[in-house]
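# Working through the structure, step by step
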Amino acid sequence: MRQTRPVAVLGGVRIPFCRQNTAYADVGNLGMSVRTLGALVEKYGLHGQQLGEVAMGAVIKHSSDWNLGRESALSSGLSPLTPGFTLQRACGTSLDTIVAVANKIAVGQIEAGIGGGSDTTSDVPIVYGSQLRRRLLAAAAARDTKGKLAAFKGFSLRELKPDFPGVAEPRTGKSMGEHCEEMAKEWNISRDSQDEWALSSHQKLAAAYERGFFDDLVVSFRGVSRDNNLRADSSLEKLATLKPAFDRTTGRGTLTAGNSTPLTDGAAACLLASPEWAAAHGHEPLCHLIDSQVAAVDFTHGEGLLMAPTIAVPEMLARQGLSLQDFDFYEIHEAFAAQVLCTLRAWESEEYCRNRLGLDAPLGRIDPAKINPNGSSLATGHPFAATGARIVATAAKELAQRGGGRCLVSICTAGGMGVVAILER
């Protein structure tokens, strides 16, 4: 299906992002999603209105969170006739939900909808091993007491050991940080450059809060009004004292807790619509979603796990007839400072662009001053499924305040994928 009409981004809302096991430890995905959607409903006067779709996502969730999109919509103040669905693509989840809603608007299936996401690493699902699960299922299916008892024949206390959700890649057994450490070594990304990037993210986020940029983007929740990962008083000296977090044995580790995103809880959502719906309901579009692209890398055979955006971006640019420099600013998800720096270096590399991307010349350099002007994930934190909607809402407001322009959004994800998009006003 090809786009037949523009898709307007009317704006977004999020709750403050909070480090794991702090303010939102007992809330869960549904509670965070309801607070966020409710705030969006209030901000845009949507109470009782029927939208075409609510798409939400979560990476780490309980089985009881079986359809966050629908369940959170039912508690948000929207009309109960508003449908909803849930999807997941790791760190790219809520950019994907936004794109999914936008595509339905573009082809005329719906007039308006919400895309967003929520994630918690505090309220995680803890399950028992497969052997005990089989016993419990057999006991539940048994018709009498004798059958139920027989299901536990040979039971061992070892079977009570719980299984916790992990963040390691199933195919490699390595965490995202371990993979990114390998990338940093491959691309010769220094510890100093990573710490400098992390410090800049905190400084830019703190400055944006101080000038009131987030006043209508972040709603207080559980007594928190700002991202509690933000360290406005951080310094290169403080960051330099931190020990490597993923490579602790070779003496060459450069990724630390200070230049990597922490485990974080939070939720974010954006309202999208056709220009006609926006005008009819008295809303001025902040910008338009022009295009998006997804790519993947073969990380199990040597490619960098988080390098897929380097592929998705040139594919999208080629379709739009744009160069990498044809943007007023860039929103690049900071899973790790090293990941951003590897991406930038790859786009500047003649060898990489020729051999991996099939280009005649490097994509070229981006001015670092144009990247993440209001800070990004290293400072805000990174609730996996909420980051995309946070970025789109932030970029849309930035475009509106500038009075026009073009923004490139780039998000790397677990599983060796990347989701990217173009916003324009």
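Structure report, in brief. Position labels on residues start from 1 in each chain and follow its written sequence. Residue-level local features of this predicted model are given only where pLDDT is at least 70; pairs of side-chain atoms are given and counted only at 80 or more, and the full residue set underlies all totals for whole chains, interfaces and linings. As a rule here, side-chain values cover all heavy atoms of the structure and leave hydrogens and water aside.

### Section: the overall build of the chain
By definition, any uninterrupted DSSP run of H or I lasting at least four residues is a helix, any uninterrupted run of E lasting at least two residues is a strand, and each is numbered from the N terminus. Along its length, the chain carries 14 helices and 12 strands. C-alpha atoms define the radius of gyration, and 2.2 Å times the number of residues to the power 0.38 defines the globule rule. Expected size for 425 residues packed as a compact globule is a radius of gyration near 22 Å; at 22 Å, the chain falls within 12% of this value. Principal-axis analysis of the C-alpha atoms gives the chain an extent of 75 × 60 × 45 Å. Here, residues are in contact when the closest pair of their heavy atoms is within 4.5 Å. Of the contacts made within the chain by residues no fewer than 6 positions apart, 79% connect residues no fewer than 24 positions apart. Charged-residue counts in this description rest on Lys and Arg as positive and Asp and Glu as negative, His and the chain ends being excluded. To locate a charge, the coordinates of NZ of Lys, CZ of Arg, CG of Asp or CD of Glu are taken. One finds the centroid of the 43 positive side-chain charges in the chain at a distance of 7 Å from the centroid of its 45 negative side-chain charges.

### A look at the packing of helix α7 (residues 191-210) against helix α11 (residues 337-348)
Geometrically, a packed helix pair is captured by the angle between its two axes and the distance between the axes. Throughout, an axis means a line fitted to C-alpha atoms (over the contacting stretch in the case of helices), and angles, computed between N-to-C directions, take values from 0 to 180 degrees. Following both chains from N to C, one finds α7 and α11 inclined at 110°, their axes separated by 9 Å at the closest point. Considering the angle they form, α7 stands roughly perpendicular to α11. Across from Ser-193, Gln-194 and Trp-197 in α7, the residues of α11 making contact are Ala-337, Ala-338, Val-340, Leu-341 and Leu-344. Angle categories are assigned with fixed cut-offs, so that under 35 degrees is roughly parallel, over 145 is roughly antiparallel, 65 to 115 is roughly perpendicular, and the rest are oblique.

### Here we look at the pattern of salt bridges
Salt bridges are defined by distance alone: a side-chain nitrogen of Lys or Arg within 4 Å of a carboxyl oxygen of Asp or Glu. The full count for this structure, using the stated rule, is 20 salt bridges. A salt bridge links Asp-233 to Lys-238; the shortest N-O distance between them is 3.6 Å. Only protein chains enter the accessibility calculation, which uses a 1.4 Å probe; a residue whose area is less than 20% of its type maximum is buried, one above 50% is exposed, and one in between is partly exposed. We classify Lys-238 as partly exposed; its relative accessible area is 44%. We note a salt bridge from Arg-354 to Glu-350, for which the minimum N-O separation is 3.8 Å. Here the residue Arg-354 and the residue Glu-350 both occupy positions in helix α12 (residues 350-355), the gap between them amounting to four residues, near one helical turn. The partly exposed category is assigned to Arg-354, whose relative accessible area is 43%. For Glu-350, a relative accessible area of 49% corresponds to the partly exposed category. Among the charged side chains, a network of salt bridges with common partners joins Arg-5, Glu-111 and Glu-276.

### Topic: the nonpolar core
Leu-272, Leu-324 and Leu-423 are the most contacted members of the largest nonpolar core, which has 94 residues in total. For this core, the element with the most residues is α11, which contributes eight residues. Residues within four places of Leu-423 in sequence aside, it is in contact with Val-9, Cys-287, His-288, Leu-289, Val-392, Ala-395, Ala-396, Leu-399, Gly-405, Arg-406, Cys-407 and Val-409. Buried residues of nine kinds, namely Ala, Val, Leu, Ile, Met, Phe, Trp, Tyr and Cys, make up a nonpolar core once their side-chain atoms join them within 4.5 Å. Judged by nonpolar contacts, the second largest core, of 32 residues, contains Ala-8, Ile-15, Val-54 and Ala-73.

### Overview of the packing of helix α3 (residues 93-106) against helix α14 (residues 387-402)
Direction vectors running N to C along α3 and α14 enclose 65°, while the axes themselves pass 5 Å from each other. Taken together, the residues of α14 that come into contact with α3 (itself represented by Ser-94, Leu-95 and Ile-98) are Thr-387, Gly-388, Ala-389 and Val-392. Its residues placed into classes, the contact of α3 with α14 shows four nonpolar, three polar and no charged. All amino acids are sorted into three groups, where Ala, Val, Leu, Ile, Met, Phe, Trp, Tyr, Cys and Pro are nonpolar, Asp, Glu, Lys and Arg are charged, and the leftover types, Gly among them, are polar.

### Points about the pairing of strand β11 (residues 406-413)
The element β11 is extensively covered by neighbouring structure, given that seven of its eight residues are classed as buried. Looking at chain direction, strand β10 (residues 329-332) and β11 are connected through four bridges and run parallel. If you follow Phe-329 over to β11, its bridge partner there is Cys-407. The pairing of β11 with strand β12 (residues 417-424) spans eight bridges and is antiparallel. Looking at β12, one finds that Ile-411 is bridged to Val-419. Pairing between two strands is assigned when DSSP locates at least 2 bridges connecting them. In this antiparallel pair of consecutive strands, β11 and β12, the connection spans three residues, and Gly-415 shows a positive phi of 80°.

### Things to note about the packing of aromatic side chains
Only Phe, Tyr and Trp rings are paired, with Trp represented by its six-membered ring, and only when their centres lie within 6.5 Å; those with planes under 30 degrees apart are stacked, over 60 edge-to-face, the remainder tilted. In the structure shown here, the tally under the stated rule is seven aromatic pairs. Summarising the aromatic geometry, the rings of Phe-213 and Phe-214 are spaced 5.1 Å apart at their centres and angled 85° between planes, so their arrangement reads as edge-to-face. An identical accessibility class is assigned to Phe-213 and Phe-214; each is buried. Ring centres of Phe-327 and Tyr-330 lie 5.8 Å apart, and the angle between their planes is 50°; this geometry places the pair in the tilted category. Given the relative accessible area of 3%, Phe-327 is considered buried. Connected via pairs of aromatic rings, a cluster forms that spans Tyr-209, Phe-213 and Phe-214. Counted as over-ring charges are cases with an Arg CZ or a Lys NZ within 6 Å of the ring centre that also lie within 35 degrees of the ring normal. Lying over the aromatic face of Phe-213, Lys-397 brings its terminal NZ or CZ to 4.9 Å of the ring centre. One residue, Arg-406, lies across the ring of Phe-327, its end atom 5.9 Å from the ring centre.

### Overview of unusual backbone geometry
Residue Asn-188 is not a glycine yet carries a positive backbone phi of 55°. With respect to the helices, strands and loops of the structure, Asn-188 is situated in the loop between α6 (176-186) and α7. Residue Asn-188 is classed as exposed on the basis of its relative accessible area of 62%. One non-glycine residue, Arg-222, lies in positive phi territory at about 55°.

### Here's the deal with the pairing of strand β3 (residues 53-57)
Taking burial as the measure, the five residues of β3 include five buried ones, the bulk of the element. Side chains Glu-53, Ala-55 and Gly-57 of β3 all project onto a buried face; the interleaved residues Val-54 and Met-56 project onto the opposite face, where all are buried too. Of the strand pairs in this sheet, β3 and strand β5 (residues 112-119) are connected by three bridges, and their pairing is parallel. Among the inter-strand pairings, Glu-53 is bridged to a residue of β5, identified as Gly-113. Alignment of β3 against strand β4 (residues 84-87), held across four bridges, turns out to be parallel. Within the sheet, the bridge partner assigned to Met-56 lies in β4 and is Thr-86. A crossover gets the label right-handed when its path from the first strand over the helix to the second runs clockwise, viewed with the strands pointing away from the viewer. Viewed along the sheet, the connection from β3 through helix α2 (residues 68-74) into β4 turns out right-handed.

### Remarks on the environment of Ala-39
Inspection of the secondary structure assignment puts Ala-39 in helix α1 (residues 28-43). With relative accessibility at 5%, the residue Ala-39 sits in the buried group. Residues Ala-39 and Ser-76 lie 37 residues apart in sequence; the distance between their C-alpha atoms is 8.2 Å. Filtering out sequence-adjacent residues up to four positions away, Ala-39 remains in contact with Val-13 and Val-219.

That is the geometry; function is a separate question.
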